[in-house]
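Each chain, written out:
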Amino acid sequence: MPGSGSSPSQALVSESNRSRILSHLYRYGVSSRARIAKTLHLTPAAITKITAHLIEEGLVEESGPTKHGTYRGGKSIDLRLNKTGFHVIGVKFARSLVQIGVFDLSGTRISLMDLPTVDETHIQDTIRAIHSSIDGLLSADCTIVAIGMAVPGPYLRTVGRTAVVSSMQEWRKINFRREFEQSFSVPVFIEQDARAGVLAEHLFGDNLDCENMAYYLLGEGIGLGVLEAGQLVNGALGVASELGHVSIDINGLPCDCGNRGCLELYCSAVAIHRDAIEEGIIAGAESMTHRQVCSALFEQADKGDPKAVKEIEKAGRYLGYGCVTIINTFNPERIVLGDIISAAGKPLLRAVQDVVDERVVPELNDSTSIVLSSLPTDAIVSGAAAVAITQFLAQPTLFGHLARTRSGTGPSDGPT
């Protein structure tokens, strides 16, 4: 809320400048007031006033004298974002797996839990378990200021539900916005899983300077999140870049989405699980989860099992076809392979790159790097946290007030 001495437009400008300063500190780690003023084209007086407010809110802290330079006639003091003083919850919804993690603002994982394996008949039990788990986390940690959720695509953002969830259609009945947005004492932000993944790779991986990148989600479904000039590619309904339902065979296998030959029917963890059963690659695959089958398959491939090696190469070629589409459609600087199937490692990456080398014009191929995710935690649960952190950086006054309220150190009548 604007203070009594400021107009709504002035309040918006002030909040925008606070956000720009937080984002600058997030990117550079530490920075002097003089450097911030120069980089953001703000006056020293404005920087002094805004940073004093951010320090008072606990969002920014002084980290000691800068090595050189003065500021407004005195010794310059470096500033840094208080990344460890605020926590967020990230929730990953896969078809059969729900993970809930707590992270600080740097993306460092504080805790991670897997809920019991989900099936079609127990989704409502899972929803209740999510509510209970989050309530417990919020009660135990007053520094948690937001919740991010990453849900399967195609996610209809304005409606709040997923349009199709191949192999587990009961998830379509869950309206995530209605179920969660007003359920907790902190705000909830919901994003499609692959778009959450690209935010995680951008914020927490080795990609902070990469403004044009794609995160290729290789899990129980196949998804894609794209950053264009640092901004998410969304589409009119929030379902842009839904790569898993791009047809690679117009006369191919029927998909739950109504299309035929969708990419995810041939190279997702579900598809690999199906092949493992049909071809007898993994003993006992019928009673294993998709993730367990993939892990067992990759272990057998590492030991030289020819059937397992062939399955990884097969999946890699199909995933390579997807990369060809990504490169020709979005022209990213970097494509990051993540989630369950990326654990196959270098053999998978080689198979993908072979297809790209065959099918992409040299100029585009040479300008696009394809890499495996380096995140220590699954990019989607980290991405759910990144969704919340992105909102934190964009709305510092809201979260500064919320942190004071939850810790009992400030008023509860709203930000000023």
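Coordinates for the structure precede this section.
What counts and how
- Residues numbered from 1 in each chain as written.
- Predicted model: local features only at pLDDT ≥ 70, side-chain atom pairs only at ≥ 80, totals over all residues.
- Heavy atoms only, no water.
- Helix = DSSP H or I, 4+ residues; strand = E, 2+ residues; numbered from the N terminus.
- Buried < 20%, exposed > 50% of the residue type's maximum accessible area, 1.4 Å probe, protein only.
- Contact = heavy atoms within 4.5 Å.
- Pairing = 2+ DSSP bridges.
- Salt bridge = Lys/Arg side-chain N within 4 Å of Asp/Glu carboxyl O.
- Axes fitted to C-alpha atoms, helices over the stretch in contact; angles between N-to-C directions.
- Expected span 1.5 Å × (residues − 1).
- Arc of directions from axis to C-beta.
- Phe/Tyr/Trp six-rings, centres within 6.5 Å; stacked < 30°, edge-to-face > 60°.
- Lys NZ or Arg CZ within 6 Å of the ring centre and 35° of its normal.

Now for the side chain of His245. Mapped onto the fold, His245 is located in the loop between strand 13 (231-232) and helix 7 (264-267). Taking relative accessible area as the criterion, His245 reaches 13% and is therefore assigned buried. Ignoring anything within four residues of it in the chain, the contact list for His245 reads Pro154, Val164, Ser166, Cys255, Cys257, Asn259, Cys262 and Glu264.

On to the sheet that holds strand 13. If you trace the five strands from one edge of the open sheet to the other, you get 13-12-11-14-15, paired in mixed fashion. The sheet terminates laterally at strand 13 and strand 15 (369-372), the two strands that pair on one side only. Pairing between strand 11 (residues 213-218) and strand 14 (residues 334-338): five bridges, direction parallel. For Ala214, the partnering residue across the bridge sits in strand 14 and is Ile335.

With that settled, consider the environment of Tyr28. Inspection of the secondary structure puts Tyr28 in helix 1 (residues 8-28). By relative accessible area, which is 37% here, Tyr28 ends up partly exposed. Along the backbone, Tyr28 and Arg80 are 52 residues apart, and their C-alpha atoms lie at a distance of 8.7 Å.

Applying the stated criterion across every chain, the model contains 17 salt bridges. Among the salt bridges present, the one from Glu57 reaches Arg404, with a minimum N-O distance of 2.6 Å. Pair noted here: Glu57 is in helix 3 (residues 44-57) and Arg404 is in helix 14 (residues 396-407), with a separation of 347 residues, a long-range link. A single burial state applies to Glu57 and to Arg404, both of which are buried. Between Arg128 and Asp125 there is a salt bridge; the shortest N-O distance is 2.4 Å. Taken as a pair, Arg128 and Asp125 lie in helix 4 (residues 123-140) at a separation of three residues, close to a single helical turn. Arg128 sits in the exposed class, given a relative accessible area of 52%. We classify Asp125 as partly exposed; its relative accessible area is 38%. When salt bridges that share partners are traced, they join Lys92, Arg291, Asp339 and Asp378 into one network.

Across the sheet, five strands lie side by side as 6-5-4-7-10; this open sheet has mixed pairing. Both outer strands of the open sheet, strand 6 (109-114) and strand 10 (188-192), are each paired with one neighbouring strand and no more. Going across the sheet, the axis of each strand differs from the next one's by a mean of 15°, ignoring polarity. One ladder, built from seven bridges, connects strand 4 (residues 87-93) with strand 5 (residues 98-104); its direction is antiparallel. Following the sheet pairing, His87 is matched in strand 5 by Asp104. Seen against the sheet, helix 4 touches strand 4, strand 5, strand 6 and strand 7 (144-151) and runs at an angle of roughly 20° to strand 5.

Turning to helix 3, a few remarks are in order. Helix length check: helix 3, at 14 residues, gives a terminal C-alpha distance of 20 Å against a target of 20 Å (1.5 Å per residue), a fit within 8%. Those residues of helix 3 that sit buried are Ile47, Ile50, Thr51, Leu54 and Glu57. Viewed along the axis of helix 3, the buried residues span an arc of 115°, placing them on a single side of the element. Exposed positions of helix 3 whose direction lies more than 90 degrees from the buried face are Lys49 and Glu56. Backbone geometry just after helix 3 places Gly58 at a positive phi near 85°.

This part covers the packing of aromatic side chains. Tallying each qualifying case throughout the model produces ten aromatic pairs. Measuring from ring centre to ring centre gives 6.4 Å for Phe189 and Phe399, while their planes differ by 55°; the resulting arrangement is tilted. Highlighted residues: Phe189 in strand 10 and Phe399 in helix 14, separated in sequence by 210 residues. Residues Phe189 and Phe399 agree in their burial class; the two are buried. Between Tyr318 and Tyr321, the ring centres sit 5.7 Å apart and the planes meet at 90°, which makes this aromatic pair edge-to-face. Here Tyr318 and its partner Tyr321 are both found in helix 10 (residues 306-330), three residues apart, which amounts to about one turn of the helix. Linked through ring pairs, Phe93, Tyr155, Trp171, Phe176 and Phe180 together constitute an aromatic cluster. The ring of Tyr28 has Arg35 sitting right over it, with the charged end atom 4.4 Å from the ring centre.

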